Amino acid sequence: MSERDGSAVGVAVRRGAVWTVALAVASLTFSAPALAHAGSLAGSLRSVPAPFWLVVVSGGGVVCVSFLLSAFVTDDETLDAFERVGVRIRGLAGAVATAAVALKLLGVAALVLVVGFGLFGPPVGIANLGVLLVWVGWWAGFTMVTYLVGNAWPLVNPWRTLGAALRGRFRETLGLSRSYPDRLGSWPSVAGLLGLVWLEVVSPLAADPRALAAVVVAYSLLTVGGAVVYGDVWFRRADPVARVFRLYGLLAPVQRGDDSGLSVSVPGAGLARARERLGADDVAFVVALLWVTTFDGLVVTVAWGRVLDAAAPVPAWLANLVGIVAGFLVFLGGYRLAARVARGTADTYVTVGFVAGWFAPALVPIAAGYHLAHFLGYVVGLAPALVAVAASPLSPPANPSVLVVPAWFGGLQLAFVVLGHLLSVWVAHARAFDLFPGRLQPLRSEYPFVAVTVGYTMASLWVVAQPTVGGVAG
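These numbers come from a predicted model, not from an experiment.

Helix length check: helix α19 (residues 440-464), at 25 residues, gives a terminal C-alpha distance of 36 Å against a target of 36 Å (1.5 Å per residue), a fit within 8%. The largest bend in α19 comes to about 35°, at Y447, with the proline P448 one to four residues further on.

Below, the structure is given as structure tokens:
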């Protein structure tokens, strides 16, 4: 290609980017409203000011243009800057050790409060401290802090703390020591993640504190038992919660080093420079994380309600089970197909499994972006209720205050989804140049994954822009 031709291509790409972004902005500014789900105990939902078809097309176009723009960045210095440039903070060993003890005690105390108030507190979910701690404080708020700031879950994790304490006392005396079966791999965590989200959907865990406490107790017994028998490998391979936070933590800008120091880098750099090989089971878990965040929003849409109505002879719990498993298989199949095609477009001898495992970390920003879109309004809306109930947990107000997020918040939801996908494209771009030589081969390897990412983007935005049937706990 001549210099003139290359300049023309660059101008065309820049113009395409401008028009696509302009289309997205216009869709958020001037279009008619459509309802979007944000997950809520109180049923407070806001409108996304755009018809869903325009949102879907615009979001997919932005992702395509982002790939075209990233294709111009092929020099090692820029890509290395994304992966490695950062600030290291050393000399924090004492402070980290103190914080570790405090966070472990805090985690165990929070678990006791959740179970105690779930069993003996007020029977109304929005007035129960245990319910609010789980959904608002932990699954929504703490998870967002994990991928926006850094991962403190290995220290906060109460089941890990209890498992370590009990393992030293009972593992040898009772002969409970076992090696984790390699044949199981990480598949228990895949089944566990799908099962937990399905249970959240079909059971009133946000409305019934007693039911939530029962589930927390059952999960605690299983997880602590696994930690006592198999040790810390249980949290690396089998526990879905620990694995979710680990993946989200790799997205965060703050990372903990081996020397007990901290490093601050570009968000997503931890995913870009991760060098461990992901097997088929680990790839399935990443895809499951992406799918369940989408499914959690899908189940409260009018469209999903129509699906359940059409399957009326089938119990709702079974229809939801079939839906979450079928959707996961579709997402996983699409990703595996992209890996197979990428092996051909990149003209490489590495296996399909290796290609799939190498690019899987790039899916994590998509899941985080949708989680942020799904739960930020939820946290903002219910934060006053959490504060009021925490101030007087034994005699909480009958009707805790709930904030109603403004109408423009729907635009933020769409922006979070698109930003997550854009970061996903960039992480995949950096990983492609780490794996393949030259400049053309890495770009060719990305074509199928960009296509899949566009598909995921359009599916996520379609869900966000759908009308919902009312308030359901997220």
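Next comes the rest of the write-up.
Time to look at the environment of V108. For V108, the location among the structural elements is in helix α4 (residues 93-120). Judged by relative accessible area, which is 21%, V108 ranks as partly exposed. The spacing of V108 and L162 is 54 residues in sequence and 7.9 Å in space, taken between C-alpha atoms.

So, on to the pattern of salt bridges. For the coordinates displayed, the defined rule picks out 4 salt bridges. When the shortest N-O distance is used, the salt bridge between R236 and D232 registers 3.8 Å. For the salt bridge of R243 with D282, the shortest nitrogen-to-oxygen distance reads 2.9 Å. Taken together, the residues span a long stretch of sequence, with R243 in helix α11 (residues 240-251) and D282 in helix α13 (residues 280-298) at a distance of 39 residues. Relative accessible area serves as the criterion here: at 12%, R243 is assigned to the buried category. Among the charged side chains, a network of salt bridges with common partners joins R160, D232 and R236.

In this section: the packing of aromatic side chains. Inspection of every chain in the model, using the stated rule, returns 19 aromatic pairs. Relative to Y456, the ring of F331 has its centre 4.7 Å away and its plane inclined at 20°; by these criteria the two rings are stacked. Here F331, found in helix α15 (residues 316-345), pairs with Y456, found in helix α19; they are 125 residues apart in sequence, far enough to count as distant. With relative accessibility at 12%, the residue F331 sits in the buried group.

The rules behind these values
- Residues numbered from 1 in each chain as written.
- Predicted model: local features only at pLDDT ≥ 70, side-chain atom pairs only at ≥ 80, totals over all residues.
- Heavy atoms only, no water.
- Helix = DSSP H or I, 4+ residues; strand = E, 2+ residues; numbered from the N terminus.
- Expected span 1.5 Å × (residues − 1).
- Bend = angle between axes of the 7 residues up to and from the residue.
- Buried < 20%, exposed > 50% of the residue type's maximum accessible area, 1.4 Å probe, protein only.
- Salt bridge = Lys/Arg side-chain N within 4 Å of Asp/Glu carboxyl O.
- Phe/Tyr/Trp six-rings, centres within 6.5 Å; stacked < 30°, edge-to-face > 60°.

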